[in-house]
There are 2 protein chains.
Amino acid sequence: MSKEPPSAVEFPFKQIAGGVTAAKGFRAGAISCGIKNPTATRLDLALITSDLPTHTEACFTTNKVKAGCVRVSQQHVKVGDVRAIIANSGNANACTGPQGIADAKAMTKATADKLGVKMRQVLVCSTGIIGMPMPMQRVTPRIEDLVQSLKSGPAGSEDAMHAIMTSDTKPKTFAVEVECEGATFRVGGVAKGAGMICPNMATMLAFITTDAKIQAGELKKATNAAVEETFNRITIDGDTSTNDTVIVMANGASEVPLIKSKSPCTEIFRAALKHVMMNLAKMIVRDGERVTKFVEIRVHGAKTHRDAKAVAETVAKSMLVKCSFHGGDPNWGRVIHAVGYADARVREELVDIYFGGLCAAKGGLATSTPVKELEKVTAKANFTVTIDLNLGDACYNVFTTDLSEEYVDFNSSEYSAAVHSKRQTGLA
Amino acid sequence: MSKEPPSAVEFPFKQIAGGVTAAKGFRAGAISCGIKNPTATRLDLALITSDLPTHTEACFTTNKVKAGCVRVSQQHVKVGDVRAIIANSGNANACTGPQGIADAKAMTKATADKLGVKMRQVLVCSTGIIGMPMPMQRVTPRIEDLVQSLKSGPAGSEDAMHAIMTSDTKPKTFAVEVECEGATFRVGGVAKGAGMICPNMATMLAFITTDAKIQAGELKKATNAAVEETFNRITIDGDTSTNDTVIVMANGASEVPLIKSKSPCTEIFRAALKHVMMNLAKMIVRDGERVTKFVEIRVHGAKTHRDAKAVAETVAKSMLVKCSFHGGDPNWGRVIHAVGYADARVREELVDIYFGGLCAAKGGLATSTPVKELEKVTAKANFTVTIDLNLGDACYNVFTTDLSEEYVDFNSSEYSAAVHSKRQTGLA
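For clarity, every value in this text was computed on a predicted model and none was experimentally measured.

Student: So what's going on with the state of the cysteines? Residues and values would help.
Tutor: All names here are of chain A. Applying the stated criterion across every chain yields a total of two disulfides over all chains. Between Cys 180 and Cys 265 runs a disulfide, and the two sulfur atoms are separated by 2.2 Å. Taking the torsion about the sulfur-sulfur bond, which here is approximately -105°, the covalent link between Cys 180 and Cys 265 counts as left-handed. Highlighted residues: Cys 180 in strand β7 (residues 172-180) and Cys 265 in the loop between β10 (245-250) and α6 (266-286), separated in sequence by 85 residues. Here the two residues Cys 180 and Cys 265 agree in accessibility, since each one is buried.

Below, the structure written as structure tokens:
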């Protein structure tokens, strides 16, 4: 076997079932507490646990307004050896002040007591409406039932995934099995997120587990790199939530040798983690609230990475560009106008724009590519818009969606409806 | 009469008719050239002239992609003594490369020749679709007719205003007469702009004339200050066009003493110019493509002006916030989440949010104000959202709109439709 680590593109990742319980030594489960609506029976409280000690990394929203659960999890994850994640839908526990923090802590304490671990070994995540207090009277007495619901195998992961869904229409799960040095390890996860998505820790929850043995520092590097290239590159509506959280738990249960910097399995682990996150991130975008198009914006030839990112994000978030995607309209003029107002170095007369592989504009001017041909690209549900700035070597890509009338309709009347009916409609 | 200049709020501005021809010595007119659609008869080529020499200031889009007409006007306005503005709708002459610049120059030359002035004394503005060449064969031969159409009095201004409309549904005109030092001067303007509007020179055209006698340097200061506080504070969809232009022409025809720094009429002139621009800017927002709400976002208590501006703009551009406006939904949670991801210093536990005069959130937490009461505010077509960061003294305000399903529908299929029918539907 060659000593040189193969490039990422050659890694044969075997896709398997199981989400967060694919990796050895992890269990998951969920129950119905009626958090959003006391009489509803849908699963809304999830638990994911590791039977073995872990190294755990987490990334949280960059929004300065952070949910109570985020603030508590930020503190707990610093200590090390996280053993459980408790997560609910139906209420974001955000903008709930000191009471919200107390409630988030209480959830971790009740869970820790039942599992026989310390409070700080439990992370807590919530998703749903902002600004209404957690209905703790429906949660705390049920923790015992929640722990009882834990199972290994795909069913446990499925339940946990359903319990964290809000405006999602499709569950998001992905897992792989990877061979390295004669042994196998697994990486798998579940995610949720449909509205209020944007780079800078797109609003979503993603929980990923692995049985790889990995040093804490290496896990941190791998997680940050993978999040930067995946979850930080998706946008549905340009809004950044108060509750974004990605958690990666590694419990070392597999036989694969310890992963540290420059181990035989380091590169393949990083690639596998990125692969799982990329698939979850794409599922999130594809399931965006009332979206009909999944579009990759690729910027090449920028002077700096920062410029490439600014251009990609500006184009991906432009309302007029997104409307044109909705109509299947290859409107390069709107793309170039968004390029022009990005905070980046741009020379109009050097900009090339492609829909799929077809050049729509060269040097800032229309090409002779027939519009009918361009429309064949933009008529599809998935396509790429490539922008070459021809100023350097830096690249960046962002995954975005169209903007539909249904999105607007869906998002027009959430808060007052929730308050009036004394129920909560999830959004964060 | 007191030597102290009265504060802006005491100025009695008398609103009058006439738009750009209200001030003495200005004429305007328009003709139909069929720029967008060769068989259409709507007015689409406008001319505004001064019979006397002028000082003229102009502000242009900050988009790095600039229309050919913008580039030409930027050069011409530097020279001084502008005597005419030629403006067309139906084609933005943007992303048209060297040909576009040549066409813009040709428009100014043909106009200058007919008026007996120099090329650089003519500014040119275009609005409409990006990326298609100007149909010069329908324009250049008609310049003589255009000059013949010039008239003083409101009818000339009305025609010019109609000729520059694209997706506007309402014409935008505003003029005032002002007394100072025993004489009167006038300031009046016309504007257009409905989609693709955003601070940083919101996409629009605005032409303002005055017969005040004013030094060039003072006109520059007054124009920049007024634009910063008006046109730079409006957003409809967060996109910044390639064609934004504001032009202010001053020809000194009135008897009011020369305005320079610290003259008796300096303050009142600045206030009048701002007043005219503010009214035109608000008309632009109110006539936004398929908007139903006009909302002022006011930020107080920021640490710095830059922070106040960042928060106001971020809230005003948030898609989820705008959707909630559309639904008349007093969703302070969405407002605060947008506050939290602005590039500004924010402490969640200090943020207060008001709809109209009613406090919806205090210190980042819900107040006991009944949602029914908040809804009475957000049910109206016009309301204010006030955000107090409680960190300092800096303020900023932005005018924005809701986001409607009709906006999306309207903006979904412009380019290919235009190319297919070989007609142009205006957008920039």
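Student: Report on the domain arrangement of chain A, specifying residues and quantitative values.
Tutor: All names here are of chain A. Assigned domains of chain A: these are domain 1 (14-286) and domain 2 (294-403). Summarising the inter-unit geometry, the C-alpha centres of domain 1 and domain 2 are found 34 Å apart. Counting residues at the interface gives 14 residues for domain 1, matched by 13 residues for domain 2. When domain 1 packs against domain 2, close to 1100 Å² is buried across both sides, 57% of that on carbon and sulfur atoms. On inspection of domain 1 and its partner domain 2, the count reaches zero salt bridges. With four residues, α6 is the single largest residue contributor to the side of domain 1 that touches domain 2.

Student: Could you give an account of the sheet that holds strand β2 (residues 26-31) of chain A, naming the residues involved and the relevant values?
Tutor: Strands belonging to one sheet form pairs held by backbone hydrogen bonds; the direction of such a pair is parallel or antiparallel. Residue and element names in this part refer to chain A. Spatial ordering of the open sheet is given by β2-β3-β5-β6, a layout of four strands whose pairing is mixed. Of all strands in the sheet, those with a lone pairing partner are β2 and β6 (122-127), marking the two edges. With strand direction ignored, the average angle separating the axes of adjacent strands in the sheet is 15°. Sheet topology note: the strand β5 (residues 84-89)/β6 ladder contains six bridges and is parallel.

Student: Give me the pattern of salt bridges: which residues, what numbers.
Tutor: Under the counting rule described, the total for this entry stands at 40 salt bridges over all chains. Ionic pairing is found between Arg 306 of chain A and Asp 343 of chain A, a salt bridge with its closest N-O pair at 3.8 Å. Pair noted here: Arg 306 of chain A is in helix α7 (residues 305-317) and Asp 343 of chain A is in the loop between α9 (332-341) and β12 (352-355), with a separation of 37 residues, a long-range link. Where Glu 177 of chain B meets Lys 14 of chain B, a salt bridge forms, and the shortest distance between an N and an O atom there is 3.6 Å. Within this pair, whereas Glu 177 of chain B is found in strand β7 (residues 172-180), its partner Lys 14 of chain B is found in strand β1 (residues 14-16), the two being separated by 163 residues in sequence. In the salt-bridge network here, residues are joined through shared partners; they are Arg 306, Asp 307, Asp 343 and Arg 345 of chain A.

Student: A description of the environment of His 55 of chain B should follow, citing residues and the corresponding values.
Tutor: All names here are of chain B. Examined against the element boundaries, His 55 turns out to sit in strand β4 (residues 55-60). Between the C-alpha atom of His 55 and that of Gly 217, which follows or precedes it by 162 residues, the distance is 9.2 Å. Setting aside residues up to four positions removed in sequence, His 55 forms contacts with Ile 214, Gln 215, Ala 216, Leu 219, Val 248, Met 249 and Ala 250.

Student: Lay out the side chain of Thr 378 of chain A with the relevant residues and their values.
Tutor: Residue and element names in this part refer to chain A. Tracing the backbone shows Thr 378 in helix α10 (residues 371-378). Looking at Thr 378, the relative accessible area reads 0%, which means it is buried. Discounting chain neighbours no more than four positions away, the residues touching Thr 378 are Lys 293, Gly 328, Asp 329, Pro 330, Phe 355 and Phe 383.

Student: Describe the pairing of strand β16 (residues 394-401) of chain B, naming the residues involved and giving the relevant values.
Tutor: Residue and element names in this part refer to chain B. Most of β16 is tucked away, with seven of its eight residues classed as buried. When strand β11 (residues 294-302) meets β16, the two strands line up antiparallel, connected through seven bridges. Bridge pairing in β16 places Val 299 opposite Tyr 396.

Student: Can you tell me about the environment of Asn 88 of chain A, naming the residues and giving the values?
Tutor: Residues and elements named next belong to chain A. For Asn 88, the location among the structural elements is in strand β5. Along the sequence, Asn 88 and Val 187 sit 99 residues apart, while their C-alpha atoms lie 23 Å from each other. Beyond its immediate chain neighbours, meaning those up to four positions away, Asn 88 contacts Ile 35, Asp 44, Leu 45, Met 107, Cys 125, Ser 126, Thr 127, Met 134 and Ala 163.

Student: Requested: an account of the confidence of the model for chain A, with residues and values cited.
Tutor: Residue and element names in this part refer to chain A. When pLDDT is averaged along chain A, the result is 88, and 89% of the positions lie at 70 or above. Under a pLDDT of 50 for its full length, residues 1-9 has, in the predicted model, four contacts with residues more than four places off or in other chains. For this predicted complex, the interface confidence reaches an ipTM of 0.77, while the overall pTM sits at 0.79.

Student: I'd like a rundown of helix α5 (residues 216-229) of chain A, residues and numbers included.
Tutor: Residue and element names in this part refer to chain A. With 14 residues, α5 extends 20 Å from end C-alpha to end C-alpha; this agrees with the ideal 20 Å at 1.5 Å per step. Regarding α5, the residues found buried are Glu 218, Leu 219, Ala 222, Thr 223, Ala 226 and Val 227. Along α5, the residues classed as buried sweep out an arc of 150° about the axis, all on the same side. Buried residues along α5 sit against β4 (55-60), β10 and α6.

Student: Talk me through the sheet that holds strand β14 (residues 365-366) of chain B; I want residue IDs and the actual numbers.
Tutor: Residues and elements named next belong to chain B. Reading across the sheet, the six strands line up as β14-β13-β12-β15-β11-β16 and stay open at both edges, with mixed pairing between neighbours. Each end of this open sheet is capped by a strand with a single partner; those strands are β14 and β16. Contacting β12 (352-355), β13 (358-362) and β15 (382-388), helix α10 (residues 371-378) crosses the sheet at an angle of about 120° to β13.

Student: Which residues make up the packing of aromatic side chains, and what values go with them?
Tutor: Residue and element names in this part refer to chain A. A complete count under the given rule lists six aromatic pairs over all chains for this structure. Taking 5.9 Å as the distance between ring centres and 45° as the angle between the ring planes, the aromatic pair formed by Phe 185 and Phe 269 counts as tilted. Of this pair, Phe 185 sits in strand β8 (residues 183-192) while Phe 269 sits in helix α6, placing them 84 residues apart in sequence. In this pair, the class of Phe 185 matches that of Phe 269, namely buried. The positively charged end of Arg 233 is found above the aromatic ring belonging to Tyr 396, 3.6 Å away from the centroid.

Student: Would you mind going over unusual backbone geometry in detail, with residue names and values included?
Tutor: All names here are of chain A. One non-glycine residue, Glu 181, lies in the positive phi region at around 50°. Its place among the elements puts Glu 181 in the loop between β7 and β8. The class for Glu 181 is partly exposed, based on a relative accessible area of 45%. Despite not being glycine, Lys 262 shows a phi value in the positive range, around 70°.

Student: I'd love a proper account of the pairing of strand β11 (residues 294-302) of chain A, names of residues and values included.
Tutor: Residue and element names in this part refer to chain A. Of all nine residues making up β11, seven are buried, and the element is well covered by its neighbours. Judged from the seven bridges that link them, β11 and strand β15 (residues 382-388) form a sheet pairing that is parallel. Bridge pairing in β15 places Val 299 opposite Ile 387.

Student: Now, about the packing of helix α7 (residues 305-317) of chain B against helix α9 (residues 332-341) of chain B: what can you tell me, with residues and values included?
Tutor: All names here are of chain B. Here α7 crosses α9 at 135°, and the two axes come no closer than 8 Å. One element, α7, and the other, α9, form an angle in the oblique class. Both α7 and α9 take part in a crossing whose hand is right-handed. Residue-level contacts link Val 311, Thr 314 and Val 315 of α7 to Val 335, Ala 338, Val 339 and Tyr 341 of α9.

Student: Summarise the side chain of Thr 386 of chain A; cite the residues concerned and give the values.
Tutor: With respect to the helices and strands, the residue Thr 386 of chain A is situated in strand β15. Residue contacts for Thr 386 of chain A: discarding those within four places in its chain leaves Arg 298, His 300, Asp 352, Ile 353 and Tyr 354 of chain A.

Student: Mind laying out the environment of Gly 189 of chain B, listing which residues take part and the relevant values?
Tutor: All names here are of chain B. Locating Gly 189 in the fold gives a position in strand β8 (residues 183-192). Given the relative accessible area of 0%, Gly 189 is considered buried. Remark: the alpha-carbon pair of Gly 189 and Met 161, spanning 28 residues in sequence, is separated by 9.2 Å. Setting aside its immediate chain neighbours within four residues, Gly 189 contacts Gly 19, Val 20, Lys 172, Thr 173, Phe 174, Phe 207, Ile 208, Val 276 and Leu 280.

Each value, and the rule that gives it
- Residues numbered from 1 in each chain as written.
- Chains lettered and ligands numbered in written order.
- Predicted model: local features only at pLDDT ≥ 70, side-chain atom pairs only at ≥ 80, totals over all residues.
- Heavy atoms only, no water.
- Disulfide = S-S within 2.5 Å.
- Helix = DSSP H or I, 4+ residues; strand = E, 2+ residues; numbered from the N terminus.
- Buried < 20%, exposed > 50% of the residue type's maximum accessible area, 1.4 Å probe, protein only.
- Domains from an automatic or database assignment.
- Contact = heavy atoms within 4.5 Å.
- Buried area = accessible area lost by both parts, 1.4 Å probe.
- Salt bridge = Lys/Arg side-chain N within 4 Å of Asp/Glu carboxyl O.
- Pairing = 2+ DSSP bridges.
- Axes fitted to C-alpha atoms, helices over the stretch in contact; angles between N-to-C directions.
- pLDDT = per-residue confidence, 0-100.
- Expected span 1.5 Å × (residues − 1).
- Arc of directions from axis to C-beta.
- Phe/Tyr/Trp six-rings, centres within 6.5 Å; stacked < 30°, edge-to-face > 60°.
- Lys NZ or Arg CZ within 6 Å of the ring centre and 35° of its normal.
- Parallel < 35°, antiparallel > 145°, perpendicular 65-115°, else oblique.
- Left-handed = near helix turned anticlockwise from the far one by under 90°.

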